[in-house]
Amino acid sequence: MEKLAASIKEIFEKKFQKNPLMIASPGRINLIGEHTDYNEGFVLPGATDLVIVFAVSARDDRQCRFYSVDFDREYVTDLDHLVRSDQRWPDYLQGVLYAFLKEGYRINGIDLAFGGNIPIGGGMSSSAAVEGGLAFALNHLFDLKLDLLTLARLARRAENEFVGVRCGIMDMYANLHGQPGRVMKVDCRHLIHEYFPFVRPDLRVIVSDTGVRRELAFSEYNVRRQQCEEGVSLLRKYYPEIKSLRDVTLEMLEEHRKEFHPVIWKRCAYVVRENHRVELACQDLLRQDFVCFGERMKESHAGLRDEYEVSSPELNLLVELALSLPGVYGSRMMGAGFGGCTISLVEAQVVEGFIRLVSAGYERRTGRQPAIHVVRVEAGTRIIEV
Ligand code: GLA
């Protein structure tokens, strides 16, 4: 990270002839609790050591100049003309400026250079890292004194309203609230969290990237949201107090099963079970019982594959390959699905074999090399000295 940060700073200084504020903004993992955030349920994410680094400074006019080091592209706009671009990457930045302006915060233009090592579109939320990182920077540059939750909400608003993806809050929440060696159980209804220690010298988290990007993810993601809403409105006729699938039990679903379209029923049952799995997984963490924890990851994957139907052949293959090896506690697809990556929990001593065998098996069956990252759970978005 030091090298990356030094090079981003140097690029900024050359381009803008000023001294920047430096910020590191991490990608996230999610141990368990998938597609539960927008159902007001529970998730168990953490921030990673893969980051996007920002060099940024305030201007005294309304102009904004962005430079993406990874794409080697520049984009110039101003606060009164924020419109979606056809390049897409500037939209995550513009979206954050838009959200701050919409909520009436007083900001000026900015000069910014950024780049990082989070796989883009790979399921570790590089987009939330861009949004969370800029929200954090604006708060500091313009002395707005906003708390982390407000910043997470602003970052989500950027994604929902400007970029146009109806995502939940998990990614931004984890990006901003991460802590080294701890994951957080987020209650996505009350927007509060509880940290759980997640450091063991003999354990590693491995993120394996299918290399397949999520063409279907945006449209299917919204379809899943609607299906969950449909289930809620059906049950609300009988249980008017229900606000989301968070309030639904398996007994309620069983009781009214016949009135459901079978697909909607499966979707709802998955979410209800997954919320329960997060609760149980947190107890496993407290007992340091990674065998049980791993079983829940496997169940989560099976649910995402068979009930929620957001997995893909490549994701299933990576999970299968991982689980065929000794020393692998659990493995599952992570994030929205349809591509992106898997997360596996493995014994430190088998990491090398894992990388070799999973890569070889995946390449043999798909002709593609998966990118495999051993990640650490690290701090959330923060200012760094470079
Ligand atoms: C994406 C979204 C999140 C969450 C996950 C699925 O990462 O951005 O809000 O819904 O998918 O758990």
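Not measured: the values here are computed from a predicted model.

Student: A description of the site of the ligand should follow, citing residues and the corresponding values.
Tutor: Inspection of the region around the ligand gives Arg28, Glu34, His35, Asp37, Tyr38, Cys167, Gly168, Met170, Asp171, Tyr221, Gly335 and Ala336 as its neighbouring residues. Contact distances for the ligand include 2.9 Å between an oxygen atom and a backbone N or O atom of glycine 168. A distance of 2.5 Å separates an oxygen atom of the ligand from a polar atom in the side chain of tyrosine 221. Calculation on the ligand without its partners gives an accessible area of 310 Å², and the protein chains cover 94% of this total. Lining the shell around the ligand are residues from two domains, each supplying at least three of them: domain 1 (2–197 + 379–383) and domain 2 (203–375).

Student: Explain the domain arrangement of the protein to me, using residue names and the numbers behind them.
Tutor: For the protein, the assigned domains read domain 1 (2–197 + 379–383) and domain 2 (203–375). The C-alpha-based centres of domain 1 and domain 2 are spaced at 25 Å. Broken down residue by residue, the surface that domain 1 buries against domain 2 is led by Ile32, His35 and Arg166, which jointly contribute 20%. Across the domain 1-domain 2 interface, the total number found is 5 salt bridges. The salt bridge involving arginine 166 is made with glutamate 229; its shortest N-O contact spans 3.2 Å.

Student: Quick rundown of the state of the cysteines? Include the residues and the values.
Tutor: The tally for this structure, following the rule as stated, stands at 0 disulfides. With no disulfide of its own, cysteine 282 lies 12 Å from the sulfur of cysteine 188, the closest cysteine sulfur. With a relative accessible area of 4%, cysteine 282 lands in the buried category. Cysteine cysteine 292 is unpaired, with the sulfur of cysteine 282 as its nearest cysteine sulfur at 13 Å. Residue cysteine 292 is classed as partly exposed on the basis of its relative accessible area, which comes to 28%.

Reading the values: rules and limits
Residues numbered from 1 in each chain as written. Predicted model: local features only at pLDDT ≥ 70, side-chain atom pairs only at ≥ 80, totals over all residues. Heavy atoms only, no water. Near = heavy atom within 4 Å. Polar contact = N/O pair within 3.5 Å; in protein donor to acceptor, adjacent residues only side chain to side chain. Areas by Shrake-Rupley, 256 points an atom, 1.4 Å probe, with all protein chains shown as cover. Domains from an automatic or database assignment. Buried area = accessible area lost by both parts, 1.4 Å probe. Salt bridge = Lys/Arg side-chain N within 4 Å of Asp/Glu carboxyl O. Disulfide = S-S within 2.5 Å. Buried < 20%, exposed > 50% of the residue type's maximum accessible area, 1.4 Å probe, protein only.

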